[in-house]
Amino acid sequence: MDQRPIGVFDSGVGGLTVVREIMEQLPNEEIIYFGDTARVPYGSKSKETVTKYSKQIIRFLMTKNIKAIIIACNTASSNSLEEVQRTFDIPIIGVVEPGAVMASRTTKNNRIGIIGTEATIRSKSYENAIKLHNKDIQTFSLSCPLFVPLAEEGWTNNEVAYLVAKKYLEHFHAKEIDTLVLGCTHYPLLKDVIQEVIGENVCLINPALEVAKELKELLLLRDGLRHPSQSPRHSFYVSDNTTKFEQIAAIALKKSIPHAIKIDIERY
């Protein structure tokens, strides 16, 4: 048993989709979440900048005596995972590999669409990971940069979200995909709109669910599960605007959260 909490971070509110899945898969675990709301989005930034931000956040989370870290951000996972795994002596899990594995297992016609931020799509991380599992799969990728600010604003199921999704996803209409990877943890917040536009015959892959399963396997392997003697007490930190974060978190997690704490992440 290991009573220490799990650290989770993202560029903003998107990583809350991962938190929600961890809470369902591992209800006894405590979570310390950091959302970099002052510097969102990461998707348009360089690999060097994203890696710098990731290291700052991990240094902050490690002051909380955590036992593992989830990079609940596809951009950071795509651009920084290997570097931070080399730098820090703690288990660190990204979201790309678990999502790629599930997509490879799900497709029936070997035609997979991938949507993500500019940086994630540019990195080709999903394409490369999928090809490792099945070289016969064809992938079709598209960056959808406006989805992140829509999610951060809480505009996840209105006419604006629908029109943006319709404009982006028409890219896939002639591709005959049967599987679509939501390659950004913000995107599951727009899942209903995305499914409506892309069609019910296309299976949406949510890497957040898959990374929660991988975390569970890791903790079981290390005998690192938390003893359920006390209810978990989660903590939420942000780099800006606690009020908006709390509002969106309540929607994403379907319950209220403790007041978020604003910190100066540049100190780390």
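On a predicted model such as this, the values are computed, not experimentally measured, just so you know.

Here is what the cut-offs are and how they apply
Residues numbered from 1 in each chain as written. Predicted model: local features only at pLDDT ≥ 70, side-chain atom pairs only at ≥ 80, totals over all residues. Heavy atoms only, no water. Helix = DSSP H or I, 4+ residues; strand = E, 2+ residues; numbered from the N terminus. Buried < 20%, exposed > 50% of the residue type's maximum accessible area, 1.4 Å probe, protein only. Contact = heavy atoms within 4.5 Å. Pairing = 2+ DSSP bridges. Axes fitted to C-alpha atoms, helices over the stretch in contact; angles between N-to-C directions. Right-handed = clockwise from strand over helix to strand, strands pointing away. Arc of directions from axis to C-beta. Salt bridge = Lys/Arg side-chain N within 4 Å of Asp/Glu carboxyl O. 1 Å grid on protein atoms, 1.4 Å probe; cavity = no way out; pocket = protein on both sides within 12 Å on 5 of 7 lines; lining within 4 Å. Points joined across faces, edges and corners; volume = space filled by probe spheres on them. Nonpolar A, V, L, I, M, F, W, Y, C, P; charged D, E, K, R; others polar.

J.: How do you make sense of the environment of V84 when you look at a structure like this?
T.: Tracing the backbone through its elements, the reader meets V84 in helix α3 (residues 74–87). Looking at V84, the relative accessible area reads 0%, which means it is buried. Considering only alpha carbons, one finds V84 and T51, 33 residues apart in sequence, at a separation of 7.8 Å. In this structure, V84 is in contact with S54, K55, I58, I71 and I92, ignoring residues within four places of it in sequence.

J.: In this structure, what is going on with the sheet that holds strand β5 (residues 111–116)? I would like to understand it.
T.: Working definition: the strands of a sheet are paired by backbone hydrogen bonds and lie parallel or antiparallel to each other. Read from one edge to the other, the open sheet built from four strands follows the order β6-β5-β7-β8, with strand pairing classed as parallel. Two strands close off the open sheet at either side, each with one partner strand: β6 (138–143) and β8 (203–205). Direction aside, the axes of adjacent strands within the sheet are offset by 25° on average. Sheet analysis places β5 next to β6, joined by six bridges and oriented parallel. Bridge pairing links I114 to S141 in β6.

J.: What should I look at first to understand the pairing of strand β7 (residues 179–183) in this one?
T.: Consecutive side chains of a regular strand alternate in pointing toward one face of the sheet and then the other. Counted residue by residue, β7 has five buried out of five residues, so it is predominantly covered. Both faces of β7 are covered, namely the face carrying T179, V181 and G183 and the face carrying L180 and L182. The pairing of β5 with β7 spans five bridges and is parallel. Within the sheet, the bridge partner assigned to I115 lies in β7 and is L182. Relative to β8, β7 is paired through three bridges, and the arrangement is parallel. From the neighbouring strand, V181 faces β8, where its bridge partner is I205. The β-α-β motif built from β7, the intervening helix α9 (residues 191–198) and the parallel element β8 has right-handed crossover chirality.

J.: How do you make sense of helix α8 (residues 159–169) when you look at a structure like this?
T.: Three or four residues apart is the spacing at which side chains of an α-helix point the same way, because the helix has 3.6 residues per turn. Residues of α8 that are buried include every one of A161, V164, A165, Y168 and L169, and no others. Looking down the long axis of α8, one finds its buried residues gathered within 115° of arc, a one-sided arrangement. Exposed residues lying more than 90 degrees from the buried face of α8 are E159 and K167. Packing partners of the buried residues in α8 comprise β5, β6, α7 (147–153), β7 and α9.

J.: Would you explain the pattern of salt bridges in this entry?
T.: A side chain of one charge can pair with a side chain of the opposite charge if their charged atoms are brought near each other. A full pass over the atoms with the stated rule returns 12 salt bridges. A salt bridge links R4 to D2; the shortest N-O distance between them is 2.8 Å. With a relative accessible area of 31%, R4 lands in the partly exposed category. Between K244 and E153 there is a salt bridge; the shortest N-O distance is 3.2 Å. With K244 in helix α11 (residues 242–253) and E153 in helix α7, the pair connects residues that are 91 residues apart, well separated along the chain. On the basis of relative accessibility, which here comes to 29%, the residue K244 falls in the partly exposed class. Looking at E153, the relative accessible area reads 42%, which means it is partly exposed. Among the charged side chains, a network of salt bridges with common partners joins D36, R39 and E266.

J.: What's the story with the pairing of strand β2 (residues 31–35) in this structure? I'm lost.
T.: A large share of β2 lies buried, amounting to five of its five residues. By the alternation rule, side chains of β2 split into I31, Y33 and G35 and I32 and F34, which are all buried. Following the backbone out of strand β1 (residues 6–10), through helix α1 (residues 16–25) and into the adjacent parallel β2, one traces a crossover that is right-handed. Direction of pairing for β2 relative to strand β9 (residues 235–238): parallel, over a ladder of four bridges. Note on β9: the bridge partner recorded for F34 is Y237.

J.: Mind showing me how you'd approach unusual backbone geometry here?
T.: With glycine set apart, most residues show a phi of negative sign, and most peptide bonds adopt trans. Residue V40 is joined to P41 through a cis peptide bond whose omega torsion reads 0°. Along the chain, P41 falls in the loop between β2 and α2 (47–62). One non-glycine residue, N65, lies in positive phi territory at about 55°. Counting through the fold element by element, N65 comes out in the loop between α2 and β3 (68–71). The backbone phi angle of K254 is positive, close to 60°, even though this residue is not glycine.

J.: Got a minute to help me understand empty space enclosed by the protein in this structure?
T.: Vacant regions in the atomic arrangement are exposed by a probe of water-molecule size rolled over the atoms. Under the defined criterion, the tally for this structure stands at one cavity of 30 Å³ or more. Computed from the structure, the largest cavity encloses a volume of approximately 60 Å³. Residue lining of the largest cavity: 13 residues in total, with S11, T75, T117, C184 and H186 positioned closest to the centre. Residues that form the lining of the largest cavity fall into these classes: five nonpolar, seven polar and one charged.

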